[in-house]
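So the chains spell out like this:
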There are 2 protein chains.
Amino acid sequence: MNLTQKIRTALGEEPADLLFENANLVNVLSGEIHPTAMSVRDGVIVGFNKITAKETIDLKGRFLCPGFIDGHLHLESSMLAIPEFAANVAPQGTTAVVADPHEIANVLGLEGIRYIIETAKDAAIRIYIMASSCVPATPFETSGATLNAEDMATFLDEPSVLGLAEVMNYPGVLFQDPDVLAKLRLFKGRVIDGHAPGLSGISLAAYVSAGIGSDHECAYLDEAREKLRLGMKIMIREGSAAKNLETLLPLVNEYNSRNCFFVTDDLEPNDIVERGHIVAIVRKAIRLGLHPIRAIQMAGLNTAQYFGLTTLGALAPGYAADILVLDDLERVTITQVYKAGRLVAENGRFLGLRSPSEAVKPPMSCRVDWDKVKDISVKATGGSIRVIGVVPGQIITESLVEEPKVVDSKIVSDTDRDILKMVVIERHKGTGNVGEGFIKGFGLKEGALASSVAHDSHNIIAVGVTDDDILTAAKEIVAMGGGMTVVRSGEIIARLPLPIAGLMSDQGIDEVRASLHDLSAAAKEMGCSLENPFATLSFMALTPIPKLKLTDLGLFDSEHFRFISLFADA
Amino acid sequence: MNLTQKIRTALGEEPADLLFENANLVNVLSGEIHPTAMSVRDGVIVGFNKITAKETIDLKGRFLCPGFIDGHLHLESSMLAIPEFAANVAPQGTTAVVADPHEIANVLGLEGIRYIIETAKDAAIRIYIMASSCVPATPFETSGATLNAEDMATFLDEPSVLGLAEVMNYPGVLFQDPDVLAKLRLFKGRVIDGHAPGLSGISLAAYVSAGIGSDHECAYLDEAREKLRLGMKIMIREGSAAKNLETLLPLVNEYNSRNCFFVTDDLEPNDIVERGHIVAIVRKAIRLGLHPIRAIQMAGLNTAQYFGLTTLGALAPGYAADILVLDDLERVTITQVYKAGRLVAENGRFLGLRSPSEAVKPPMSCRVDWDKVKDISVKATGGSIRVIGVVPGQIITESLVEEPKVVDSKIVSDTDRDILKMVVIERHKGTGNVGEGFIKGFGLKEGALASSVAHDSHNIIAVGVTDDDILTAAKEIVAMGGGMTVVRSGEIIARLPLPIAGLMSDQGIDEVRASLHDLSAAAKEMGCSLENPFATLSFMALTPIPKLKLTDLGLFDSEHFRFISLFADA
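Definitions and cut-offs
Residues numbered from 1 in each chain as written. Chains lettered and ligands numbered in written order. Predicted model: local features only at pLDDT ≥ 70, side-chain atom pairs only at ≥ 80, totals over all residues. Heavy atoms only, no water. Helix = DSSP H or I, 4+ residues; strand = E, 2+ residues; numbered from the N terminus. Buried < 20%, exposed > 50% of the residue type's maximum accessible area, 1.4 Å probe, protein only. Areas by Shrake-Rupley, 256 points an atom, 1.4 Å probe, with all protein chains shown as cover. Lys, Arg positive; Asp, Glu negative; His and termini not counted. Charge placed at Lys NZ, Arg CZ, Asp CG, Glu CD. Contact = heavy atoms within 4.5 Å. Buried area = accessible area lost by both parts, 1.4 Å probe. Salt bridge = Lys/Arg side-chain N within 4 Å of Asp/Glu carboxyl O. Polar contact = N/O pair within 3.5 Å; in protein donor to acceptor, adjacent residues only side chain to side chain. Pairing = 2+ DSSP bridges. Phe/Tyr/Trp six-rings, centres within 6.5 Å; stacked < 30°, edge-to-face > 60°. Lys NZ or Arg CZ within 6 Å of the ring centre and 35° of its normal. 1 Å grid on protein atoms, 1.4 Å probe; cavity = no way out; pocket = protein on both sides within 12 Å on 5 of 7 lines; lining within 4 Å. Points joined across faces, edges and corners; volume = space filled by probe spheres on them. Axes fitted to C-alpha atoms, helices over the stretch in contact; angles between N-to-C directions. Core = buried A, V, L, I, M, F, W, Y, C linked by side-chain atoms within 4.5 Å.

Caption draft 1: Region of the structure containing the overall build of chain A. Counting its regular elements, chain A contains 15 helices and 31 strands. Taken over 570 residues, chain A has a buried fraction of 65%. Carbon together with sulfur atoms contributes 48% to the accessible area of chain A, which is approximately 19600 Å² in total. Positive and negative charge centroids in chain A, built from 53 and 73 side chains respectively, lie 3 Å apart.

Caption draft 2: Up close: the interface of chain B and chain A. The partner chain A presents 54 residues to the 54 residues of chain B that form the contact. In terms of surface lost to chain A, no three residues of chain B exceed R229, Y255 and R258 of chain B, which account for 18% of the buried area on that side. Here chain B and chain A share six salt bridges between them. Between E32 of chain B and R229 of chain A there is a salt bridge, with its nearest N and O atoms 2.8 Å apart. The interface formed by chain B and chain A includes 20 residue pairs in polar contact (both at pLDDT 80 or more).

Caption draft 3: Structural context of the pairing of strand β29 (residues 548–551) of chain B. Residues and elements named next belong to chain B. Neither face of β29 is open: one carries L548 and L550, the other K549 and T551, and all of them are buried. With four bridges connecting them, β29 and strand β30 (residues 554–557) associate as antiparallel partners. Of the residues in β30, the one forming a bridge with T551 is G554.

Caption draft 4: Region of interest: helix α7 (residues 201–209) of chain A. Residues and elements named next belong to chain A. Of all nine residues making up α7, seven are buried, and the element is well covered by its neighbours. For α7, every residue scored as buried is listed here: G201, L204, A205, A206, Y207, V208 and S209. Of the residues trailing α7, G211 is marked for its positive phi of about 100 degrees.

Caption draft 5: Fine view of the pattern of salt bridges. Residue and element names in this part refer to chain A. In total, this model carries 58 salt bridges over all chains according to the counting rule given. Here R8 ties to E13 by a salt bridge, and the two come within 3.0 Å at their closest N and O atoms. Here R8 falls in the partly exposed class, since its relative accessible area comes to 26%.

Caption draft 6: Fine view of the packing of aromatic side chains. For the structure shown, the criterion picks out 20 aromatic pairs over all chains. Aromatic side chains Y170 of chain A and Y207 of chain A sit 6.5 Å apart centroid to centroid with 90 degrees between the ring planes, which places their arrangement in the edge-to-face category. Of the two residues, Y170 of chain A is situated in helix α5 (residues 170–174) and Y207 of chain A in helix α7; the sequence distance between them amounts to 37 residues. A residue is classified by how much of its surface remains accessible, and Y170 of chain A, at 22% relative accessible area, is partly exposed. A centroid spacing of 5.3 Å and a plane angle of 85 degrees characterise the contact between F20 of chain B and Y338 of chain B, whose relative ring orientation is edge-to-face. On the criterion of sequence distance, the pair formed by F20 of chain B in strand β1 (residues 16–27) and Y338 of chain B in strand β15 (residues 333–339) is long-range, its members being 318 residues apart. The burial state of F20 of chain B is the same as that of Y338 of chain B; both residues are buried. By way of ring pairs, the aromatic residues F140, F556, F561 and F563 of chain A are connected into one cluster. Of note, K475 of chain A hangs over the ring of W370 of chain A, and the distance from its end group to the ring centre comes to 5.3 Å.

Caption draft 7: Up close: empty space enclosed by the protein. In this structure the tally under the stated criterion is four cavities of 30 Å³ or more. What the largest cavity holds in volume is close to 80 Å³. Lining the largest cavity we find E254, Y255, N256, S257, R258 and Q297 of chain A together with E254, Y255, S257, R258, R294 and Q297 of chain B. The calculated volume of the second largest cavity comes to roughly 60 Å³.

Caption draft 8: A look at the sheet that holds strand β26 (residues 460–464) of chain A. Residues and elements named next belong to chain A. One open sheet accounts for eight strands, arranged β20-β19-β24-β23-β26-β25-β27-β28; its pairing is mixed. If you trace the sheet from one side to the other, it starts and ends with β20 (397–402) and β28 (491–497), each paired once. When the angles between neighbouring strand axes are averaged without regard to direction, this sheet yields 25 degrees. Against the sheet, helix α13 (residues 467–479) touches β23 (419–425), β25 (448–451), β26, β27 (483–488) and β28, its axis set at about 150 degrees to β27. Its contacts with the sheet put helix α14 (residues 509–525) on β25, β27 and β28, and the angle it makes with β28 is roughly 145 degrees.

Caption draft 9: Looking closely at the sheet that holds strand β21 (residues 405–407) of chain B. Residue and element names in this part refer to chain B. Spatially, β18-β22-β21 is the arrangement adopted by the three strands of the open sheet, whose pairing is antiparallel. Pairing within the sheet leaves two strands with one partner each, and these edge strands are β18 (378–379) and β21. Relative to strand β22 (residues 410–412), β18 runs antiparallel, the two being bridged by two bridges. Counted as the bridge partner of V378 is I411 from β22.

Caption draft 10: Looking closely at the nonpolar core. Formed by 348 residues in total, the largest nonpolar core has its most connected members in F68, L184 and F262 of chain A together with F20, F68, L184 and F262 of chain B. Listed in part, the 19 residues of the second largest apolar core include V373, A448, L471 and V487 of chain A.

Next comes the structure, spelled out in structure tokens:
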């Protein structure tokens, strides 16, 4: 719609595409709910008058509400390709997300981010990208790529890239690491997201002074208050793992709420279906006492304003026609969802395409040279060994010391004491790197589990009772081009292929959930005592989180940030 | 301060310039008032910690508050050169203004706007410019310049130019006038200010759809509510003439206040001194019941956010150190004012320079070819005449019909019935154009008044009892290079030179006020009954305002938008 058409349509001199009549508008700009008509043309709101339109919809008093925006998430956590992700969140009222493709970037670098950008173009929701700032996330494992400032400059002219994604490397900021500062300089004047759990005082002031504008890691009210006072936008997170709404909501008042908005960060497939996306946060916030207008502002308008998305988050002339029709405002029951004026979901049913454009092929991942990875046995060259101690339901671990079980001068799994062998096999460059260690807490009595989802570099991580089953499982991962599997006595008994970077499925969410259920059930059948074995497994290589972790480069002491010997006396 | 210096200073590794201790911060971001320290380096806020600084100021509990911003004004109304304007508003806490140089642009075109931009560079406050959209304001008088879209493109790369100034020509928008649309297209994606008194319904929707984002002309609550609902920012104006705060304040609520802010539009020298600039609106709003935090947000933060001035309107790391020190928050008593970390005013006293840079010379104006303007007599060729009827204190006029007083076949002033001769003499191009008419309501018994301030084209406007005195006064205006004067019996008895475009003085505000007082007193001594004769005179050529006006092109019927004969029966 050009300028003349906009004016002529508003004046009724040319027809609109769509006219809603007898609506109650949740007007987040005037802070009211008021009866009105509303017209749309070419995906843009025209006005609130009853003008000529090709189609008229009588809303009979139902509510019109701007579409919801997720201000920070990692799409990869959904394990879904973008069209399928969109198909599942659009019916829940999400019409835009701001994604940090951190996981795929660590696997596939620029090519991974480019794949997300290309797939996003046809999606049923708007997908904006923040350029991942920390690839690799740490120097302590082999990632698929390294992105320096020069690499990232390629995204400066990309319309869907809004800024620099969460700067997790806050020590790098404080110590003025040249590469970190180069990235901050590159994105100067654009949005730069933060990630600074617990940062405070002069360190926080320095982090904010560097131009970092938001934080989604506030776990405590005082922490969030300090950040808000310093001008950071507070992204209130309700993800699958971290849930901060109830803690942080008391911070929000009538003078500062514009600086707070909702994000999910990481949401697993089951939570997307059973709990819900941004709408779940809106409902919970209203239940906790937030006024619906404020909750809806925090689910879109505030987010859009922070990211400079000037036509999103509200419904008024010139804004995008990303519209929700609500039956009930307090319970936020969504009957219709429009993106750019097009009906994309009705009564929870998605009406768009679930497949990506044929033109966009997922890049290959999972390169392992098995000739270099023949033998994963561990020689018993020392005395007692360090063992990773799983803490159920958490991503931190204990650092234990145990006597090894030795067979034929090799240290092997000891199911009696639940000490299992774990390996991390580098899968990006065919280096043949294998890290070997032992872990307590999985409870497997037989078989092995393996996965290509292992934060942050996503090498192949496997745990099991025998080397044969471990290797069979790992090889199945490579054969699938990435995924998750359970092996018993040499047989694949459950599997979930994740051909997109070894992180995401090309199947529907129902298939993914069924496979996840099968994987979990199979592991439990073999004795695994964990609620969610593959989720736990995925964090066992994450070096920034204490205390003991394993990467393809070896056992890692996350308290003192150094590699450490398997043998406690070494 | 580069990135490394910012980080190092916040960490205390390099000294700040200035540290405020024992302050109470009016934190418009977190919506609180909280005790804190605050440091500044190179004009930018560093943090809230007690770090090393070259100078420390113990505030003993006084308040720190962000500097005030005037979101829309015409500097020319102050009749002061920019340094003198800044010298008078800075001590009142104004640290930035967004100016539409509409008046000087109508006199001097691009050269006038360029003069404002250049003078603004050295000013003690930040002066941002909106490119004047309506030059000339109407086709019904001769202006000094015509600015089309191509001319205005020269300002797109000017850092101090934020967008397109008030689009007063709303009929041009609605009728899709190509020149108006070209200007809107030129500034697409930037801020475009509106001016649409009374516009409503589909016309307003069309105006907003054209990308116009604000309005400062709301005189009624319902009018402002409709505009706010459509997404316009509501500039709540308290100027010398129009005062809308009390009417509009009931609109402001906790969900929409971010979309409202304060402007003055036009403020005369006396009001700047006696009433005050933005601070006066803040005080009045607080008296009317607005919470000080919200009032202060509406005096800066909201304004800055609308204009994309991301480092203004709040005090937090990375924000400009435009700081007010307040003794009392409710009464907003300002003891110190800092701009970019530099103390510019203390206890009401300005500490900076009052003169413009020597390098910036005001361009010349007032070109009249007196050979072409010899005779301003009006022949009595018809019967009764149309007479402009002054409505005291307003800018509208009545359209009266009176019998003329005729002497020697010429129509002359008739002091018995208070019907005086008025002329408008073109002063930009030496055309010799003179518009002649008659006006009732000035009350002069002798002499003449003349002025080069006559909205919107600012030709010379004069009213008087004899042609000789009228011409003497008009010639004195030209001799001064613009200004205001009172003549009695051929003698100049009061004068105010306005050498800057015939609109602004090069003197201090005290001199300007004294001259204005003398002019008014002289006029009253000669019988003038108007409270403010020169203000009234300045609106008598303003064709958009009904009912009867006079321009250099003749008598104008502002109800039917056409020139009209002096003679009622013609």
